[in-house]
Amino acid sequence: MSNTKILVPLGLTNSLHHRLIITVRLLSTAGNRKNERIRQTRLESTKQEEEKDFRVFQIKGLNPRNKREQRKNDAPKMQPRYMNMKPDDDWTNVWPTASTFKWSAIPFPVRQGYTDNLSENENVTPGRYANTELLKIPNFLHLSPGHIKKHCQVLKDFCTPWPAGLETDELCDQHFPLTVKTRDYCFSSPSVADSRSRLVTVKLKLSDLRLDEHGEDKIKRLLGDKYDPETGEITLNTDRCPLKKQNYDYAMYLLTALYYEAKKVEPWELEKDEADIDKYSWERSQSKRNILKLVQQNEKEESLRERSEDDILSRDEIKSYASSVIELHNEGENYTTINNYKQSVLQLLNVKSQLT
Amino acid sequence: MDALLRMQVLGRIGNIIYRHSQLKTTLLSGRKIPYLRLHSKSFTEKSLLRCMNSVVNNDVFRRTYSITAEQNEHTSLTFAFRCHDNNPANHTIDQEGLFYTVPSEDYKRYLHKAINTEFSAQVKVFAESCIMIRKPALEMIDYIRNSDLNRPVARAIFYGHTGAGKTMSLCHVLHYCSKENWLIVHVPWPAKWNKRNREIAVSPFKEGRIDLPLDAAEWLLHFRTQNTDLLKELTCQFSYTWSKRESTESGTPLIDIVDFGLSRNKFASDCVGVLMKEVKKYACDKRVKVLVAIDGVNGLYSQCALKTEEKENVLIENVSLVRTFRKLLNTDWSNGFVVCTVDINASHYSTRENHTPRYLLGKQGFEVMDPFIPVQVPIYTDKEIYSCLCYYSDRNWIQHPNGKTDEGLKEIIFLSNHNPYTLARVCSSR
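Going by an unreviewed UniProt entry, chain B carries the name Small ribosomal subunit protein mS29 and comes from Patella caerulea. Under the UniProt heading Sequence similarities (unreviewed entry), the entry covering chain B gives this text: "Belongs to the mitochondrion-specific ribosomal protein mS29 family."

1. A word on the overall build of chain B
The helix and strand tally for chain B stands at 18 helices and 11 strands. Expressed as a percentage of its 430 residues, the buried residues of chain B come to 54%. Relative to all contacts within chain B whose residues are 6 or more apart in sequence, the contacts with residues 24 or more apart total 75%. Summing over all exposed atoms, chain B offers an accessible surface of approximately 19,800 Å²; the carbon and sulfur share of this is 51%.

2. Thoughts on the nonpolar core
Residue and element names in this part refer to chain B. Val185, Phe223, Phe325 and Phe337 are the most contacted members of the largest nonpolar core, which totals 120 residues. With nine residues, helix H12 (residues 268–284) is the single largest residue contributor to this core. Filtering out sequence-adjacent residues up to four positions away, Val185 remains in contact with Trp219, Phe223, Met276, Val279, Val290, Leu291, Val292, Ala293, Phe325 and Leu328.

3. Some details on the sheet that holds strand S10 (residues 336–341) of chain B
Judged by pairing direction, the sheet is parallel, and its five strands sit side by side in the order S4-S9-S10-S3-S11 (chain B) without closing on themselves. Of all the strands in the sheet, the pair left with one neighbour each is strand S4 (183–187) and strand S11 (372–376) of chain B. Between one strand axis and the next, the sheet turns by 15° as a mean value, whatever way the strands run. In the sheet, strand S9 (residues 290–294) of chain B pairs with S10 of chain B via five bridges, with the strands oriented parallel. Within the sheet, the bridge partner assigned to Val290 of chain B lies in S10 of chain B and is Gly336 of chain B. Across the sheet, helix H13 (residues 335–349) of chain A is in contact with strand S3 (154–159) and S11 of chain B; its angle to S11 of chain B comes to roughly 135°.

4. Observations regarding the confidence of the model for chain B
Residues and elements named next belong to chain B. Per-chain confidence: chain B averages 82 in pLDDT, with 81% of residues scoring 70 or above. Highest mean pLDDT in chain B belongs to S9 (95); lowest belongs to helix H2 (residues 35–39) (37). Low pLDDT (under 50) marks residues 6–49, which in the prediction has 55 contacts with non-local residues, meaning those over four places away or in another chain. Counting interchain partners and residues more than four positions distant, the pLDDT-below-50 stretch residues 51–70 has 23 contacts. Two summary scores accompany this predicted model of the complex, namely pTM at 0.66 and ipTM at 0.79.

5. Some details on the pattern of salt bridges
All names here are of chain A. According to the stated counting rule, one finds 29 salt bridges over all chains in the structure shown. Of the charged contacts in the structure, one is a salt bridge between Arg221 and Asp217, with a shortest N-O distance of 3.2 Å. With Arg221 and Asp217 both in helix H8 (residues 213–223) and four residues apart, this pair spans about one turn of that helix. Its relative accessible area of 18% is what places Asp217 among the buried residues.

6. Focus: a nonpolar patch on the surface
Residues and elements named next belong to chain A. A cluster of nonpolar side chains, contributed by Phe57, Ile59 and Leu62, occupies part of the molecular surface with about 390 Å² of accessible area. Here Leu62 shows up in the loop between helix H1 (31–51) and helix H2 (67–74). On the basis of relative accessibility, which here comes to 59%, the residue Leu62 falls in the exposed class.

7. Brief notes about the interface of chain A and chain B
Across the contact, 29 residues belong to chain A and 32 residues belong to chain B. When chain A packs against chain B, the two sides together hide about 2,700 Å² of surface, and 56% of this comes from carbon and sulfur. Ranking the residues of chain A by area buried against chain B places Glu333, Tyr335 and Leu355 of chain A at the top, with a combined share of 23%. On inspection of chain A and its partner chain B, the count reaches one salt bridge. The salt bridge involving Glu139 of chain B is made with Lys342 of chain A; its shortest N-O contact spans 2.7 Å. Taken together, the connections running from chain A to chain B amount to 18 residue pairs in polar contact (both at pLDDT 80 or more). Of all elements in the fold, only helix H10 (286–302), helix H12 (316–330) and H13 of chain A reach the threshold of two or more residues within the side of chain A that touches chain B.

8. Brief notes about the pairing of strand S6 (residues 233–238) of chain A
Consecutive side chains along a regular strand alternate between the two faces of the sheet. Residue and element names in this part refer to chain A. Judged by which residues are buried, S6 turns out to be one-sided: Ile234, Leu236 and Thr238 face inward and are buried, whereas Glu233, Thr235 and Asn237, on the alternate face, are not. Note that strand S4 (residues 200–205) and S6 share six bridges and pair antiparallel. Its bridge partner lying in S6, Val200 is registered against Thr238. By the bridge criterion, two bridges tie strand S5 (residues 227–228) to S6 in an arrangement that is antiparallel. Bridging across to S6, Asp228 finds its partner in Glu233. Between S5 and S6, which pair antiparallel and follow one another directly, the connecting turn spans four residues, one of which, Gly232, has a positive phi of 75°.

9. Structural notes on the packing of aromatic side chains
Following the criterion strictly, the structure yields 23 aromatic pairs over all chains and no others. Centroid distance Tyr259 of chain A to Tyr260 of chain A: 5.1 Å. Interplanar angle 80°. Geometry classified as edge-to-face. Between Trp193 of chain B and Phe325 of chain B the ring centres are 5.8 Å apart and the planes differ by 25°, which places this aromatic pair in the stacked class. In this pair, Trp193 of chain B sits in the loop between S4 and strand S5 (201–202) while Phe325 of chain B sits in helix H13 (residues 320–328), placing the two residues 132 residues apart along the sequence. Side by side, Trp193 of chain B and Phe325 of chain B carry an identical accessibility label, which is buried. Members of the aromatic cluster, connected to one another through ring pairs, are Phe81, Phe99, Phe126, Tyr391, Tyr392 and Trp397 of chain B. Between the NZ or CZ atom of Lys102 of chain A and the centre of the ring of Trp95 of chain A, over which it lies, the distance is 4.6 Å. Sitting above the plane of the Phe366 of chain B ring, Arg358 of chain B keeps its charged end 5.5 Å from the centroid.

10. Digging into the packing of helix H15 (residues 382–394) of chain B against helix H17 (residues 406–416) of chain B
Residues and elements named next belong to chain B. Direction vectors running N to C along H15 and H17 enclose 115°, while the axes themselves pass 11 Å from each other. Crossing of H15 against H17: the hand is right-handed. Between H15 and H17, the residues in contact are Ile385, Tyr386 and Leu389 and Leu409, Lys410, Ile412, Ile413 and Ser416, respectively. Residues belonging to the contact of H15 with H17 are distributed by class as follows: six nonpolar, one polar and one charged.

11. Side note on the confidence of the model for chain A
Averaged over all residues, the pLDDT of chain A is 84; the fraction at 70 or higher stands at 84%. A low-confidence stretch, residues 1–30 of chain A (pLDDT under 50), is modelled with 35 contacts involving residues beyond four sequence positions or located in other chains.

12. Describing the sheet that holds S6 of chain A
Residues and elements named next belong to chain A. Read across the open sheet, the four strands follow the order S3-S4-S6-S5; overall the sheet is antiparallel. Two strands lie at the open edges of the sheet, namely strand S3 (179–182) and S5, each paired on one side alone. Contacting S3, S4 and S6, helix H9 (residues 244–263) runs over the sheet at an angle of about 140° to S6.

13. As for helix H11 (residues 254–263) of chain B
Leu254, Ile255, Ile257, Val258, Phe260 and Gly261 of chain B are the residues of H11 of chain B that are buried. Contact partners of the buried residues in H11 of chain B: helix H9 (213–226), helix H10 (228–233), strand S7 (240–241), strand S8 (247–248) and H12 of chain B.

Calculation notes
Residues numbered from 1 in each chain as written. Chains lettered and ligands numbered in written order. Predicted model: local features only at pLDDT ≥ 70, side-chain atom pairs only at ≥ 80, totals over all residues. Heavy atoms only, no water. UniProt positions renumbered as here; feature names shortened; annotations may be inferred. Helix = DSSP H or I, 4+ residues; strand = E, 2+ residues; numbered from the N terminus. Buried < 20%, exposed > 50% of the residue type's maximum accessible area, 1.4 Å probe, protein only. Contact = heavy atoms within 4.5 Å. Areas by Shrake-Rupley, 256 points an atom, 1.4 Å probe, with all protein chains shown as cover. Core = buried A, V, L, I, M, F, W, Y, C linked by side-chain atoms within 4.5 Å. Pairing = 2+ DSSP bridges. Axes fitted to C-alpha atoms, helices over the stretch in contact; angles between N-to-C directions. pLDDT = per-residue confidence, 0-100. Salt bridge = Lys/Arg side-chain N within 4 Å of Asp/Glu carboxyl O. Patch = residues over 30% accessible without salt bridge, like charges linked within 9 Å, V, L, I, M, F, W, Y side chains within 5 Å. Buried area = accessible area lost by both parts, 1.4 Å probe. Polar contact = N/O pair within 3.5 Å; in protein donor to acceptor, adjacent residues only side chain to side chain. Phe/Tyr/Trp six-rings, centres within 6.5 Å; stacked < 30°, edge-to-face > 60°. Lys NZ or Arg CZ within 6 Å of the ring centre and 35° of its normal. Left-handed = near helix turned anticlockwise from the far one by under 90°. Nonpolar A, V, L, I, M, F, W, Y, C, P; charged D, E, K, R; others polar.

Encoded structure:
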């Protein structure tokens, strides 16, 4: 069994332009009876249509309207506010607090929205009147300079003078390296509690901890993504406890633990390999061993006595070579670093060409 | 960019591409040697001749050629591009960009097996082998000339973009050293030993090593053709026992070891090892100067796709040929020079982002090669590219009259982006 919608052309009747939509439930068992029923319904509906009166077209304004109707429609409408606003009006009085967009109170033209083609608003971006797009977006019309000035005037009574010696941001950072950020939320509702107010953010520059090379490396590994290598800042967000105080205490505990862990040198740390260090160090590289071997081979042939390691390493060409290898690895390969490497190698091997 | 200017630029690029496609179709419809045939196995000298004959007899070609001759006088294809001094020892920077001819016997002896690139195809078609004199090769020759041979070997690496001419620069250096009577240890492309489905055998010398008998024999033959005279002179300094019945006494000429390796494939890889040991010894004794030239040296330090019969991966350190040639890169010998190239195509598929030496060599390769002299092979300068275009039109590689006009040349240069390999491809008919 299935329900189908059929379009039946009324070829049998005189009105050829009409079409009738009939919903018929098709029964697989009664195929012949179905057709007959359809024909009957068609005939009935055409009869009804012919019996109806012919509709008359009403021309507007041809007949005088009654008084009551006329008065209601012709009552003077209120002009939108922006028509009567003057340039020196106080904006803070027009828009005292945060509110959604009011089309009538804006003294400047605004348009927002999208039209697909010419059929929509003649392809012109919709204006302010009855524009839902403008209602959706947040506005900052309650935070104009005038508003801020007024807020500051009111708040001034509660302020104390700025402490001397903290004039610049650098001075602030120097004297107060630790920044603790907490949040308070106030609003009118049956409960003033807000779960977001428990969050505590602690920020600190890694350099202010004054760790040595090992400690810095270790604390970076312990911190993971909580350390930003670009700004050199540690950011700890704590939100695991229900209260602000508890979260603050936990952040301080974390910082302390991190600091002392970083200072510690565990026995297994001595097993650190070349591959475990993020920066290339020439001192422990194969490159250094190669050079020492090479120089000693050279020296052996020239003079029989062997030189000490430090003696070799203190030479200028070896030093420049070492710095160029470190540059090649830490800065990455580009034509400048490769050329520096080339120059230092040529100096080292004492090979010359007029073309370099 | 304002709209009008953008339209102009876009139109210009579109025009170039359209014109180029037109140029190509006309080039194709006329006559010419279809490029693809050069690479197919059925290609022979005979078919080339037949092709050339049909070209010359073709009316279209005749008309084209007669027009070209008139037009040529008005284009920039008129300056000299040949260097008549064919001895690489005499080349100086003044001859930069000129083509010198490698005599055909030299080519057959030293370079024939060395290169399997666009160049070898062109040598067949042009019936001569010409190499452009370029700065990197001259620089390298200078280093070889000025290096102190009593010191441990100096190593140098050519690096550059794909198709920039690293292999050709290496060939130039190779030709120079062979003319100076150096012993040449040339490894054309070690990366091919890492490819899967090669014939492998278990080494009779040491357990766990993998031999590549066919590749070793191929290399031995190449080594023999390059150094026939020197190998006849030099004799073995040690004696070797290959099996119960086969052995080599000290005092036999080295060429006998090569021949032994060629006839007894089983020991070919060991023969390579033995030869390298002898060569090193001779070099240290100042009896002979040795040039080690490895094209795509990073192939010795990349991953290996070989598998044993038990379908186990083979470590690249266990391939005997790779071991042998890695030893030549160490600084424990003197009186020689090592020139290598690093190539993206010699690396494993996963490490092909960059063409710089440290990246391609990897940590292991860099530690072995360090300190090396990196020499960059740049793409063509304007002078070089015009010289090359002159050469191509002289060899009728560019035949169509449009290809020889100033505008046509500019389009070819634009399409090739100054890259030597791309230039050869753009100028070819397909």
